[in-house]
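Structural overview for review
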Amino acid sequence: MISLIYQILLFLSALLTFSLSIFFWKKRKLVASNYFSIMLLTISIWSFFAGMEIIVQSLEMKMIMIKLQYIGISFFPAFYMISILQYVTSGRLPTKPLIIIFFIIPFLTLIFMLTNEYHKLVYQNIFLNKISDSVAVVGKSRGLWYFVNVAFDYLAVLISTIFLLHFIYNSRRLYKLQAFSLLIGSFLPWIPNIIYLIRGGNDFDFTPFFFILSVIIFANAFFRFRLFDIIPAARKIFLDYINDGIIILDKEQRIIDINLAAQKIFGMEKNIGSSIYNLLGNFPEIELFIKEAAFTKEIEFKYGEKYFDLFMSPIVDKNNSIVGVILHFRDVTFRVSTQLALKKREEELSELNATKDKLFSIIAHDLKNPFMAIIGFTEILENEIHKLSEEEKDDILKHLKEATSNTYKMLDNLLRWSQIQTGRIIFEPENILLNNIIDEVITNLSYQSSIKKISILNKLDLPYYVYGDKTLLNIIFTNLISNAIKFTISGGSVKIYVSVNDDSINIFVEDSGIGMNSEELEKLFELNKNYSKHGTSGEKGTGLGLLIVKEFIAMHKGQLKAESTPMTGTKFNISLPFNSVK
């Protein structure tokens, strides 16, 4: 009969705590109710398997039930302490590292209990102890970890009690009654638990029975004192401890409240009574919202370098008239920056794909053909050199020289292009006399221009200094002047001249060549267009030269522009800003 009463009470305790756990879990959006719900679940587990311990008869089965009780026994104090801390701080959880620390002892306790037979850390010896004719419990001699766990349990309860007492002392009456209910409901079961420990832990543990009283007290606290439903929500906690900016305006768009986050966002002190326009400048959306809106409106808002989702919610009086506005600023800079970065990355990937396709095209076609020519000519020389006349030998050598020279130029351009794409070009600017660069390039290209009888006119009549990289500038003008010679008919001319504006220096390379139409001009600086054509004497190109030039000019923070008319000529303009000109 006694056994049956014990079982009924224990299962009743399990049922009531489980039911209340489900009740609070459904209301887990209320402050602290989620952890409190899990705490009640641990009590339910403890009570249920304590009841099962009485039902089973063998020592082995009773130990299994005790191990299952420890799922609740181990974790109850940690969840209780967290729920109390969350309640007294109006919903602020302890930090994640602190929560992890709270659960170290419970996890170890459960593991040690489940494996106790291997190390005896929790219980050194176990035996059946009959406390009546119908009731037998497991007697134990306690190990080291048992006392570690007990110390942790009572420390957790002590800390929670201190916080609750401090909270009761500083709170209003309603909150005092809530906290006092939590204190009494939680403390009652520990009275029989202390007695159980003092008596050695070898008789019946009445702790789970007292949880029935705890459930009644907790339920009464919720329905009578609105436990977890009405909590301290003072303005300081509600406004100043949230990360989003909150500004409250009256009907005249004057600031009547502003939280710390908003003050930090806008870099201002609390300025009650000033117009919102003094803070944000012209903001017609707010005025329009006050006049017309009745529901919350969301807009994207940028302030300085940051982006915000701005929620505007009306404040209405009893006549449903708008008397103010709540402005809620949520910082979405990371989201917007990520979107912009993804878009930029998408563009970069598109450019890289175009680069890859261009390089493969050059390697597969433009480099293959010259090598085939070189191989063909060398085979002729190897197999038929004794049959060839001197004139034929000279002609083959001329073609070999031309093929190897063109191949070298292609490889050189490919190397420079790859260095640009991989960021291996070193930019070393210095004060340079531009006239010397132009003179050197003209001298190096004199053979090419003389063959086609093209005049190169250097119109730099004054010394012009630029601040740039000597090597890169040499490559820039070599490409541009070489191209001008390439696309100019024999007997034509190429001229180089300079003009200075208020904010830039402009260097022009102008030829009297075959020119380009608008479609060709549009393709000129686009890698994915794969644009290249033969010169007036059949000279070949890779299509990379001008792209390299454009990249190098961009490194000087300059611009490259082109103008062209078919059969009239082409003019390139290299514009360097004055911050690049010394």
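Scroll up to find the structure.
No experiment lies behind these values; they were computed from the predicted model shown.

**A short note on the sheet that holds strand E13 (residues 559-565)**
Spatial ordering of the open sheet is given by E9-E11-E12-E14-E13, a layout of 5 strands whose pairing is mixed. Where the open sheet ends on each side, the last strands, each with one partner, are strand E9 (455-458) and E13. Put simply, the sheet's adjacent strands are angled 15° from each other on average, direction ignored. Where strand E12 (residues 504-511) and strand E14 (residues 569-577) come together, 7 bridges link them in antiparallel fashion. Counterpart to isoleucine 507 in the pairing with E14 is isoleucine 574.

**What to know about the pairing of E13**
A regular strand places its side chains on the two faces of the sheet in alternate fashion. Residues of E13 alternate between two faces, with Leu560, Ala562 and Ser564 buried on one and Gln559, Lys561, Glu563 and Thr565 left unburied on the opposite face. Here 7 bridges tie E13 to E14, and the two strands are oriented antiparallel to one another. Residue pairing across strands places serine 564 opposite threonine 570, the latter belonging to E14. Where E13 folds back onto E14 in an antiparallel hairpin, the turn is made up of 3 residues, including methionine 567, whose phi is positive at roughly 65°.

**Some words on the packing of aromatic side chains**
Counted by the stated rule, this structure contains 17 aromatic pairs. Centre to centre, the rings of phenylalanine 75 and phenylalanine 103 are 6.1 Å apart; their planes meet at 35°, and the pair counts as tilted. With phenylalanine 75 in helix H3 (residues 59-88) and phenylalanine 103 in helix H4 (residues 96-114), this pair connects stretches of sequence that are 28 residues apart. For the pair phenylalanine 75 and phenylalanine 103, a shared accessibility class is recorded, and that class is buried. Here the aromatic residues Tyr35, Phe75, Phe79, Phe103 and Phe107 are joined through ring pairs into a cluster of three or more.

**Quick word on the pattern of salt bridges**
For the structure on display, the rule yields 5 salt bridges. Between aspartate 244 and arginine 330 there is a salt bridge, with its nearest N and O atoms 3.0 Å apart. Of this pair, aspartate 244 sits in the loop between helix H10 (235-240) and strand E3 (245-250) while arginine 330 is found in strand E7 (residues 322-331), placing the two residues 86 residues apart along the sequence. On the basis of relative accessibility, which here comes to 37%, the residue arginine 330 falls in the partly exposed class. In this structure, aspartate 331 engages lysine 306 in a salt bridge whose closest nitrogen and oxygen atoms are separated by 3.6 Å. In this pair, aspartate 331 sits in strand E7 while lysine 306 sits in strand E6 (residues 306-316), placing the two residues 25 residues apart along the sequence. Accessibility expressed as a relative area gives 43% for lysine 306, which makes it partly exposed.

About the cut-offs
Residues numbered from 1 in each chain as written. Predicted model: local features only at pLDDT ≥ 70, side-chain atom pairs only at ≥ 80, totals over all residues. Heavy atoms only, no water. Pairing = 2+ DSSP bridges. Helix = DSSP H or I, 4+ residues; strand = E, 2+ residues; numbered from the N terminus. Axes fitted to C-alpha atoms, helices over the stretch in contact; angles between N-to-C directions. Buried < 20%, exposed > 50% of the residue type's maximum accessible area, 1.4 Å probe, protein only. Phe/Tyr/Trp six-rings, centres within 6.5 Å; stacked < 30°, edge-to-face > 60°. Salt bridge = Lys/Arg side-chain N within 4 Å of Asp/Glu carboxyl O.

Geometry only, nothing functional implied.
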